Amino acid sequence: MLGLMQSQPLLISSLIEFAQRHHGDGEIVSRRVEGDIHRYTYRVLASRSRQVANALDSLGLAFSDRVATLAWNGYRHLELYFGVSGSGRVLHTINPRLHPDQIAWIANHAEDRVVCFDMSFLPIIQAVHSKCASVEHWIALCDPDKLPADSGIPNLKSYEAWIGSQKDQFDWPQFDENSASSMCYTSGTTGNPKAALYSHRSTLLHAYAAALPDVMCISARDSILPVVPMFHVNAWGIPYSAALCGAKLVLPGPALDGKSIYELIEAEGVTYAAGVPTIWQMLLGHMKPAGLKFSALQRTVIGGSACPPAMIQAFKDDYGVDVLHAWGMTEMSPLGTVCTLKNKHLKLAESEQTEIRLKQGRAIFGVDMKIVGADGQEQAWDGQSYGDLLVRGPWILSEYFKGEGGNPLIDGWFPTGDVATIDPDGYMQITDRSKDVIKSGGEWISSIDVENIAMAHPAVAMAACIGVAHPKWDERPIVVVVVKPGMELGREELLKSYEGKTAKWQIPDDVIFVDAIPLGATGKMQKMKLRELLKDYRLPGL
Ligand code: AMP
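Here's what I pulled together on the structure shown here. Predicted, not measured: the structure shown is a model, and the values here were computed from it. (Residues numbered from 1 in each chain as written. Predicted model: local features only at pLDDT ≥ 70, side-chain atom pairs only at ≥ 80, totals over all residues. Heavy atoms only, no water.)

**Regarding the nonpolar core**
By size, the foremost hydrophobic cluster in this structure holds 145 residues, and its most contacted members are Phe82, Met216, Trp280 and Phe294. Sort the elements by how many residues they give to this core and helix α2 (residues 42-58) lands first, with seven residues. (Core = buried A, V, L, I, M, F, W, Y, C linked by side-chain atoms within 4.5 Å. Buried < 20%, exposed > 50% of the residue type's maximum accessible area, 1.4 Å probe, protein only. Helix = DSSP H or I, 4+ residues; strand = E, 2+ residues; numbered from the N terminus.)

**Some remarks on the sheet that holds strand β20 (residues 428-433)**
On the basis of which strands lie adjacent, the open sheet formed by four strands has the order β17-β18-β19-β20 and antiparallel pairing. Across the chains shown, the open sheet's two edge strands, defined by having one partner strand only, are β17 (368-372) and β20. If you compare each strand with its neighbour and ignore which way they point, the axes differ by 45 degrees on average. Inspection of the sheet shows strand β18 (residues 387-392) paired to strand β19 (residues 414-422) by four bridges, in the antiparallel sense. Each bridged residue has a counterpart across the sheet, and for Gly387 the counterpart in β19 is Ala420. (Pairing = 2+ DSSP bridges. Axes fitted to C-alpha atoms, helices over the stretch in contact; angles between N-to-C directions.)

**Regarding the environment of Lys472**
Checked against the element boundaries, Lys472 lands in the loop between β23 (460-470) and β24 (474-483). Residues Lys472 and Leu495 lie 23 residues apart in sequence; the distance between their C-alpha atoms is 21 Å.

**What to know about the sheet that holds strand β6 (residues 137-140)**
The strand order across the open sheet formed by seven strands is β7-β6-β5-β3-β4-β8-β9, and the pairing between neighbours is mixed. Single-partner strands in this sheet number two, and they are β7 (156-158) and β9 (195-199). With strand direction ignored, the average angle separating the axes of adjacent strands in the sheet is 25 degrees. Where strand β3 (residues 66-70) and strand β5 (residues 112-117) come together, five bridges link them in parallel fashion. Each residue of the ladder has a partner; that of Arg66, found in β5, is Asp112. Helix-sheet contacts for helix α3 (residues 75-86) involve β3, β4 (90-93), β5 and β8 (180-185), and the interaxial angle to β4 is about 145 degrees. (Contact = heavy atoms within 4.5 Å.)

**Some words on the packing of α2 against α3**
Contact geometry for α2 and α3: axes closest at 8 Å, N-to-C directions at 60 degrees. In terms of orientation, α2 and α3 fall into the oblique class. Between α2 and α3 the crossing geometry is right-handed. Contacts between α2 and α3 involve Leu45, Arg48, Ser49, Val52, Ala53 and Leu56 on the former and, on the latter, Tyr75, Arg76, Leu78, Glu79, Leu80, Phe82, Gly83 and Val84. Taken together, the residues of the contact of α2 with α3 sort by class into nine nonpolar, two polar and three charged. (Parallel < 35°, antiparallel > 145°, perpendicular 65-115°, else oblique. Left-handed = near helix turned anticlockwise from the far one by under 90°. Nonpolar A, V, L, I, M, F, W, Y, C, P; charged D, E, K, R; others polar.)

What is shown is where atoms sit, not what they do.
Structure follows, in structure tokens:
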């Protein structure tokens, strides 16, 4: 017997329709590439998203055709989120920090027909347009008078002229909720990038889950600043969850420095912000010397890389802001776990609560996870046993776009490439990427643990731990460190700070001071590059 409830497909268009109807005067505030602050409402966002849909019809774009963006977080990008996917096309967000050759490669692989870009990225488009055979239309996200006269890009249009001539009436089509809605290429540290292809159903389920109190706790009372880019895993799905709840959205555009972010948080009464650790480091670096405080910010979700304990502590002790440590990946839409306490933890001392908060957190309903050993056997949830982390669920990839890389699943589970422990309460903690694991004398050393201790030193701006060959122990850890501007730090002083905080054999054998650690297109440390740079390095005494 089937249930007798209405069967309605879960579609992205329903989010913007809902936001318009129930939160029509809810605000969307954007810092523009032009430098000024722009503000309008969900009502106008919905209306302009419909103009986008009509404009795509006018170009003759078919269902599932790809429309790419190279854009910062801003209102025009948001209109494309709803207008492109809502009308049945696939939004392909491209990371502008990738090498231009890689951008051309993925635009060809995705067979993008339209590319919409912020004017900051005009030089990239000028460099790649002749290599993008499938692209028929180039749209600059600007007013007609900002369009360069001699860009050299054929068929270049201004976004405002393109959508401005369209009606703001459009009947969102109804179709199978499993249809593709958007796509994002992984950073591709090995081989060519591969794309995760999200569906309307996966996006809506993720949007519901992300808004839950134990996840991002998003409500109509929030003013949300996603510093995480809309060009990488849909800004962790925040644009969708914000529309689902009618939350105010504050979009930072290209100004990601500590001062600009702080000013936006204060001016717009931001209650909740989301970003990677490096962004928050810049923010705290701006606030601390000036003695600045937050007036409305309550919580921040930090993920993308391990959040150093010192940062969680600084947010809590100095600013009264709760950090929610989160973990996920492109292939997971991206949310997998978020760290929030359980009822029984409320009785614990502050320091014991902090111990828990440092972990990457508990699985969200919808995400099933397990850790397995080298033999594929499931490992115990005892907080000690390490294993490869595998996940499954309705917003987790089943295969890559165009079947690249073959079947990625192991008995229906997606291998994340991360190594983790899970404790008896279900709190997962990442110890490493599997390819970064350091094996010393048959024991594993967590590079994240080594980095976290270095990061707790007040003079350290960034730290990366890698393993180097050792004749007796196979590998020994060393730590590569960037010192904060104007501060001094010696090798011995840093090594001394490890004493009492970790087992002796886990203390790195050496410290290497560098001006910068190579970062990838999504802000993660590129340890492969670091190992390459240090390939002639020898441990002291060898
Ligand atoms: P991406 O697909 O580019 O978003 O990268 C996903 C990867 O980032 C994960 O597989 C992890 O290795 C890493 N990552 C994400 N969040 C965290 C976190 N909170 N702690 C440690 N690593 C993380």
